[in-house]
Amino acid sequence: GDSVTQMEGPVTLSEEAFLTINCTYTATGYPSLFWYVQYPGEGLQLLLKATKADDKGSNKGFEATYRKETTSFHLEKGSVQVSDSAVYFCALSRVDSNYQLIWGAGTKLIIKP
Amino acid sequence: DSGVTQTPKHLITATGQRVTLRCSPRSGDLSVYWYQQSLDQGLQFLIQYYNGEERAKGNILERFSAQQFPDLHSELNLSSLELGDSALYFCATSQGIHNEQFFGPGTRLTVL
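Residues numbered from 1 in each chain as written. Chains lettered and ligands numbered in written order. Predicted model: local features only at pLDDT ≥ 70, side-chain atom pairs only at ≥ 80, totals over all residues. Heavy atoms only, no water.

Undergrad: What is the right way to look at the overall build of chain B in this model?
TA: Secondary structure summary: chain B contains zero helices and 11 strands in total. Secondary structure elements of chain B occur, N-terminal to C-terminal, as β-β-β-β-β-β-β-β-β-β-β. On C-alpha atoms alone, chain B measures out to a radius of gyration of 13 Å, which is about the 13 Å that the 2.2 N^0.38 rule sets for 112 residues. Each of the three principal axes of chain B carries a C-alpha extent, and together these read 35 × 30 × 25 Å. (Helix = DSSP H or I, 4+ residues; strand = E, 2+ residues; numbered from the N terminus. Rg over C-alpha atoms; globule rule 2.2 N^0.38 Å.)

Undergrad: Honestly, the interface of chain B and chain A in this entry has me stumped. Any pointers?
TA: Many authors give the size of an interface as the accessible area that is lost as the parts come together. Taken together, the contact pairs 18 residues of chain B with 12 residues of chain A. For the pair chain B and chain A, the summed buried surface comes to about 1,400 Å²; carbon and sulfur atoms form 57% of the total. If you look at where chain B meets chain A, you find two residue pairs in polar contact (both at pLDDT 80 or more). Mapped by element, the contributors of at least two residues to the side of chain B that touches chain A are strand E4 (31-38), strand E5 (42-50), strand E6 (53-57) and strand E9 (87-94) of chain B. In terms of residue count, the dominant contributor to the side of chain B that touches chain A is E5(B) (four residues). Residues of the side of chain B that touches chain A, tallied by class, amount to 10 nonpolar, six polar and two charged. (Contact = heavy atoms within 4.5 Å. Buried area = accessible area lost by both parts, 1.4 Å probe. Polar contact = N/O pair within 3.5 Å; in protein donor to acceptor, adjacent residues only side chain to side chain. Nonpolar A, V, L, I, M, F, W, Y, C, P; charged D, E, K, R; others polar.)

Undergrad: Sorry if this is basic, but what is going on with the sheet that holds strand E3 (residues 19-24) of chain B here?
TA: Sheets are built from strands paired through backbone hydrogen bonds, the pairs being either parallel or antiparallel. Residue and element names in this part refer to chain B. Strands sit in the order E1-E3-E8-E7 across an open sheet of four strands; the sheet is antiparallel. Looking at which strands have only one partner, the edges of the open sheet turn out to be strand E1 (5-7) and strand E7 (64-68). Averaged over neighbouring strand pairs, the angle between their axes works out to 15° when direction is ignored. In the sheet, E3 pairs with strand E8 (residues 74-78) via five bridges, with the strands oriented antiparallel. Its bridge partner lying in E8, Cys 23 is registered against Ser 74. (Pairing = 2+ DSSP bridges. Axes fitted to C-alpha atoms, helices over the stretch in contact; angles between N-to-C directions.)

Undergrad: Would you mind going over the sheet that holds strand E9 (residues 75-77) of chain A with me for this structure?
TA: Residue and element names in this part refer to chain A. Strands sit in the order E3-E9-E8-E7 across an open sheet of four strands; the sheet is antiparallel. Since the sheet does not close on itself, it has two edges, and those belong to strand E3 (19-21) and strand E7 (56-59), each with one partner. Neighbour-to-neighbour, the strand axes of the sheet open up by a mean angle of 15°, direction not taken into account. Of the strand pairs in this sheet, E7 and strand E8 (residues 62-65) are connected by four bridges, and their pairing is antiparallel. Looking across to E8, one finds that Ser 58 is bridged to Glu 63.

Undergrad: In this structure, what is going on with unusual backbone geometry? I would like to understand it.
TA: Both trends apply: most residues other than glycine have a negative phi, and most peptide bonds are in trans. Gly9(A) connects to Pro10(A) through a cis peptide bond whose omega is 0°. Relative to the helices and strands, Pro10(A) is located in the loop between strand E1 (3-6) and strand E2 (11-14). Of note in this structure, Thr71(A) is not a glycine but carries a positive phi near 40°. Counting through the fold element by element, Thr71(A) comes out in the loop between E8 and E9. Backbone geometry at Leu72(B) places phi at a positive 80°, although glycine is not the residue there.

Next up, the structure:
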């Protein structure tokens, strides 16, 4: 079945550091890929998405590129802020599974000032 | 604020009991998804409704059931509760079945 694998956390960085959170997936067909963010005590918010190979999703300085050849969708940000501290989830959905989201385990990001 | 509301925010109950969680979608959203977030299993899709009809089922236990009403709000019913059912339950809604899902703030269920 479909699955998403994320790097384990927590990831601890200093402010202004470069961020990469790895995400790889296993799925048949052509899934859409997503990054969601969960701030402490809050629900899930869509951060960015990509719906086909080589698409780049971007939002709030975060980027991720859909790489079909490596089945990856790594999240990057050039300069993180303390306010980026949260849990980040990689997810996929497919049309023939009614777009239900299949989730990675989540990666907790801690940014120190 | 996503515009999706969930009640109650917190629920504490005992094993063997039954609870109902409620989700009100954004205006115009026809599709409702329920997800469970637990420490053991992470985030899992439970069930989806579209315009009142069940559309897809995921890892939903037989003790759990859901429905979507004519006004499009949805309820998730959890019965014969066990300690392992303690989790955060999210609903997400979307306009159709292939649109972006917007998540509610979740209901935290604690089974003692």
